[in-house]
Amino acid sequence: MTSTLDIGGMNFAFQNSFHDSMDGFFSPADAAKPSAPDPLIFNHALAVRLGIAAEGMTESQLAAIFSGKETPEGANPLAFAYAGHQFGHFSPQLGDGRALLLGEIVAPDGARFDLQLKGSGPTAFSRNGDGKAAIGPVLREYLVSEAMAAMGVPTTRSLAAVATGDRVQRERSHPGAVLTRAASSHIRVGTFQFFAAHFGADHVIQLSEYTINRHFPELAEAANPHLALLDRVFGLQCELVARWMGVGFIHGVMNTDNVAVSGETLDYGPCAFMDRFAVNTVFSSIDANGRYAYGRQPQITHWNMARFAEAMLPAIHAVDPADVDAAKALVDAIPARFRAQWLDEMREKLGLGQAKKADEQLIDTLFGELEQHAVDFTSFFRALAQLLRGDGDLLRALLPDAEAMAPWIADWWAQLEREAIAPLERADAMDAVNPLYIPRNHLVEAALVAAEAGDMAPWTELLEVVQNPYVERAEWAAFAQPAPIDADPYKTFCGT
Ligand code: AMP
Ligand code: MG
């Protein structure tokens, strides 16, 4: 039973297109009732962007809605069905096991968003899981997704986190919480895989048409819209992962059920940012073989997109059998497509204006240098900008000795001098794309430990810092520092 709540005229303006037009693609779901919901954080700026009038709401009204205790008018709560390749193995039956879609809202600018509760109790897809979420992973997703948004990386957003007042049992017992996530949709590669595996062409065509209509309406005019969708999703994934590489982000669980066709970063589980550069960096405790290591993310994207192509083939073939070859050619072109995006990303980070062939060698050789000298990835690009301002202190502090990287720095300098851009102007442009403040692992960990013990202050401060990643502030100096060198290797866990 869905209850509704009168919350002083607040209107979500739900327009539930998936619920209303995609019967058979989801399972209705009801949220578990939390015993004592208490808001941890509410994202007022995002509420304004979404057109949710929350100013007049009391804390208890926010807590009731964004914990699943009360269902707002117009919501049609549902759990999505999906499948997915997990660590390379196909799981035909996954689906939202600890999340439900409240509904879709259309923001004042016309953009449509899913509003989803994560950690709101069991659904038809929970299998043996409890459908709940612990406070740590909820606050990690909130923090990291908002940091990504502040850095302009496409991502789902976090609207609210509410403590439930209930305990969640993992390896040990934790306070429970519910995250409210806003996404341009929750359609995943795994959603297509589910309907391709269990239902066949008709369902894949219906899902593809819905996706095109919702995200890329201009593709409906293409000779083969399904092929055009494939092409668009490939492009968006290449752009997304190039951005991840640029900020040292490691998603950690790039299973096909965690890949959104919208091109937004989805499902912040064991994700983390790299400190000292090492191409094989892995943080996730469940990724023992390093399948989703930093440097493997481009290859995994290629692999995941090949799985997407397989799921889309029935639809592509139905329009024109000859287009199956075109789909294969698109898959084969992904590495080159990714590399072009990645080179653009790296050029921007290095302050290189126009694309030139000579840049490629400079960029390709950078990573070996950073790895050899264990350079802090984030600080390095800020240090280069400082060098342009005539200050080499930051760079010296990052390198083991004065000679380290000297030839590379000289090459970089020579490249810059081929373009007539004033050094100070270039330094400012670099600082505008290279974050100074990222969610560093040791800071995230300390903030989550404090939050779990009931002290939200460190987490709230860290959130403010990472929401303002580019402009240096003297009082935030500690937030720009890498983890102490003797820190234990960092490990992350999936257990939302
Ligand atoms: P993930 O790869 O962590 O995003 O999740 C993989 C699958 O496991 C999804 O279908 C989730 O809904 C499901 N799942 C993860 N944790 C739980 C849980 N605590 N209860 C029920 N289902 C879960
Ligand atoms: Mg997932």
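Rules used in this analysis
- Residues numbered from 1 in each chain as written.
- Chains lettered and ligands numbered in written order.
- Predicted model: local features only at pLDDT ≥ 70, side-chain atom pairs only at ≥ 80, totals over all residues.
- Heavy atoms only, no water.
- Helix = DSSP H or I, 4+ residues; strand = E, 2+ residues; numbered from the N terminus.
- Expected span 1.5 Å × (residues − 1).
- Buried < 20%, exposed > 50% of the residue type's maximum accessible area, 1.4 Å probe, protein only.
- Contact = heavy atoms within 4.5 Å.
- Polar contact = N/O pair within 3.5 Å; in protein donor to acceptor, adjacent residues only side chain to side chain.
- Donors = N, O, S within 2.8 Å, 3.2 Å for Na, K, Ca; no water.
- Near = heavy atom within 4 Å.
- Areas by Shrake-Rupley, 256 points an atom, 1.4 Å probe, with all protein chains shown as cover.
- Nonpolar A, V, L, I, M, F, W, Y, C, P; charged D, E, K, R; others polar.
- Phe/Tyr/Trp six-rings, centres within 6.5 Å; stacked < 30°, edge-to-face > 60°.
- Lys NZ or Arg CZ within 6 Å of the ring centre and 35° of its normal.
- Domains from an automatic or database assignment.
- Buried area = accessible area lost by both parts, 1.4 Å probe.
- Core = buried A, V, L, I, M, F, W, Y, C linked by side-chain atoms within 4.5 Å.

**Details of helix α10 (residues 334-349)**
Phase 1 of the analysis: For α10, spanning 16 residues, the distance from its first C-alpha to its last is 22 Å, which sits close to the expected 22 Å at 1.5 Å a residue.
Phase 2 of the analysis: For α10, the full list of buried residues reads Ile334, Phe338, Trp342, Leu343, Glu345, Met346, Arg347 and Lys349.
Phase 3 of the analysis: Against the buried residues of α10 lie α7 (225-247), α8 (297-319), α9 (323-332), α11 (357-372), α12 (377-388) and α15 (423-431).
Phase 4 of the analysis: Just downstream of α10 lies glycine 351, where phi reads positive at about 75 degrees.

**Remarks on the side chain of arginine 181**
Phase 1 of the analysis: Mapped onto the fold, arginine 181 is located in strand β9 (residues 173-183).
Phase 2 of the analysis: Residue classification places arginine 181 among the buried residues on the basis of a relative accessible area of 1%.
Phase 3 of the analysis: For arginine 181, the side chain forms a polar contact with the side chain of aspartate 267, separated by 2.7 Å.
Phase 4 of the analysis: Leaving out residues up to four positions away in the same chain, arginine 181 has contacts with Asp114, Leu115, Gln116, Lys118, Glu141, Thr156, Arg157, His186, Arg188, Leu266 and Asp267.

**Notes on the coordination of the magnesium ion (ligand 2)**
Phase 1 of the analysis: Taken together, the protein ligands of the magnesium ion (ligand 2) are Asn258 (OD1) and Asp267 (OD), with distances of 1.9 to 2.1 Å. The exposure classification of asparagine 258 matches that of aspartate 267, with both residues buried.

**Quick look at the site of ligand 1**
Phase 1 of the analysis: Among the 17 residues in the neighbourhood of ligand 1, the closest are listed as Gly95, Gly97, Arg98, Asp130 and Gly131.
Phase 2 of the analysis: At 3.5 Å from a nitrogen atom of ligand 1 is found a side-chain nitrogen or oxygen belonging to arginine 170.
Phase 3 of the analysis: Relative to its free-state accessible area of 490 Å², ligand 1 is covered by the protein chains to the extent of 84%.
Phase 4 of the analysis: When its residues are assigned to classes, the shell around ligand 1 shows 2 nonpolar, 7 polar and 8 charged.

**Let's talk about helix α5 (residues 189-198)**
Phase 1 of the analysis: Burial analysis of α5 places 7 of its 10 residues in the buried class, which makes it a mostly covered element.
Phase 2 of the analysis: Tucked into the core, α5 has its buried residues touching β4 (84-86), β5 (89-91), α6 (201-215), α7 and α8.
Phase 3 of the analysis: Directly after α5, the chain includes glycine 200, whose backbone phi takes a positive value near 90 degrees.

**Side note on the packing of aromatic side chains**
Phase 1 of the analysis: With the rule as written, the count across this model stands at 26 aromatic pairs.
Phase 2 of the analysis: On the numbers, 5.6 Å between centres and 35 degrees between planes, the contact of phenylalanine 195 with phenylalanine 199 is tilted.
Phase 3 of the analysis: The exposure class of phenylalanine 195 is buried, given its relative accessible area of 0%.
Phase 4 of the analysis: Residue class for phenylalanine 199 comes out partly exposed when judged on its relative accessible area of 45%.
Phase 5 of the analysis: Residues phenylalanine 377 and phenylalanine 381 carry aromatic rings whose centres are separated by 5.2 Å and whose planes lie at 80 degrees to one another, so their mutual orientation is edge-to-face. Linking phenylalanine 377 with phenylalanine 381, this pair stays in helix α12, spanning 4 residues, or about one helical turn.
Phase 6 of the analysis: Positioned above the aromatic ring of tryptophan 303 is the side chain of arginine 291, whose terminal nitrogen or guanidinium carbon lies 4.7 Å from the ring centre.
Phase 7 of the analysis: Above the plane of the ring of tryptophan 303 lies arginine 307, whose end atom (NZ or CZ) is 4.4 Å from the centre.

**Some points on the domain arrangement of the protein chain**
Phase 1 of the analysis: The domain boundaries assigned to the protein chain delineate domain 1 (2-183), domain 2 (189-257 + 273-343) and domain 3 (350-496).
Phase 2 of the analysis: For domain 2 and domain 3, the distance between their C-alpha centroids amounts to 29 Å.
Phase 3 of the analysis: The partner domain 3 presents 25 residues to the 20 residues of domain 2 that form the contact.
Phase 4 of the analysis: Taking both sides of the interface into account, the surface hidden between domain 2 and domain 3 amounts to around 2,100 Å²; carbon and sulfur atoms contribute 56%.
Phase 5 of the analysis: Counting the surface domain 2 buries against domain 3, the share from its top three residues, Asp275, Arg276 and Phe277, is 36%.

**Details of the nonpolar core**
Phase 1 of the analysis: Membership of the largest hydrophobic core comes to 131 residues, with the highest contact counts inside it found for Phe192, Leu230, Leu366, Phe380, Trp408 and Trp412.
Phase 2 of the analysis: It is α7 that provides the largest number of residues to this core, a total of 14 residues.
Phase 3 of the analysis: Ignoring any residue separated from it by four or fewer positions in sequence, one finds tryptophan 412 in contact with Leu350, Leu362, Leu384, Leu387, Leu388 and Met430.
Phase 4 of the analysis: Counting 27 residues, the second largest nonpolar core, distinct from the first, contains Leu462, Val466, Trp476 and Ala480.

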